[in-house]
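# Residue-level structure breakdown
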Amino acid sequence: MSPLLRRKEKKRPGERMVTLIGKPGCHLCDDAQEVIESICAETGAQWEKKDISQDEELYRLHWEQIPVVLIDGEQHTFWRVNPDRLRRALGA
């Protein structure tokens, strides 16, 4: 069977990684972090924070969109984080 036709096995929330890409002093980044911390605590998902000012590649890719939220390395959202949408994306 073609790999395109196979269903991907869904990861449990505890197996997911949420990445917040932001910078110090950004109020939207602080707001996003509050939502991420809350939803990850609720679902058991892991999360990490990356500083765009410390990584040239992240800066080049995302400087106009911070904060940017990735789930398992794929962009989920930017600017504002909707708690319900994040919870659904994590499979909770």
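Please refer to the structure higher up on the page.
These remarks concern the structure in this document. (Residues numbered from 1 in each chain as written. Predicted model: local features only at pLDDT ≥ 70, side-chain atom pairs only at ≥ 80, totals over all residues. Heavy atoms only, no water.)

### Some thoughts on the overall build of the chain
Counting its regular elements, the chain contains 3 helices and 4 strands. Secondary structure elements of the chain occur, N-terminal to C-terminal, as β-α-β-α-β-β-α. Considered along the principal axes of its C-alpha atoms, the chain spans approximately 50 × 30 × 15 Å. Here the chain holds 92 residues, and the buried ones make up 35% of them. (Helix = DSSP H or I, 4+ residues; strand = E, 2+ residues; numbered from the N terminus. Buried < 20%, exposed > 50% of the residue type's maximum accessible area, 1.4 Å probe, protein only.)

### Topic: helix H1 (residues 27–43)
The periodicity of an α-helix, 3.6 residues per turn, causes residues three or four positions apart to be oriented the same way. Its 17 residues give H1 an end-to-end C-alpha distance of 24 Å, which sits within 8% of 24 Å, the value for a rise of 1.5 Å per residue. Those residues of H1 lying buried are Leu 28, Cys 29, Ala 32, Gln 33, Val 35, Ile 36, Ile 39, Cys 40 and Thr 43. Positioned one or two residues after H1, Gly 44 has a phi angle of 90°, which is positive. (Expected span 1.5 Å × (residues − 1).)

### Focus on the packing of aromatic side chains
All told, the structure shown has 2 aromatic pairs when counted by the stated rule. Pairing Tyr 59 with Trp 63 gives two aromatic rings, centres 6.2 Å apart and planes at 20°, and the pair type is stacked. Centroid distance Phe 78 to Trp 79: 4.7 Å. Interplanar angle 75°. Geometry classified as edge-to-face. (Phe/Tyr/Trp six-rings, centres within 6.5 Å; stacked < 30°, edge-to-face > 60°.)

### With respect to the pairing of strand E1 (residues 17–22)
Summarising burial for E1: 5 of the 6 residues are buried, a large majority. With 6 bridges joining them, E1 and strand E2 (residues 46–51) adopt parallel strand pairing. Each residue of the ladder has a partner; that of Thr 19, found in E2, is Glu 48. Viewed along the sheet, the connection from E1 through H1 into E2 turns out right-handed. Across 4 bridges, the pairing between E1 and strand E3 (residues 68–71) is antiparallel. By the bridge assignment for E3, Val 18 is matched with Ile 71. (Pairing = 2+ DSSP bridges. Right-handed = clockwise from strand over helix to strand, strands pointing away.)

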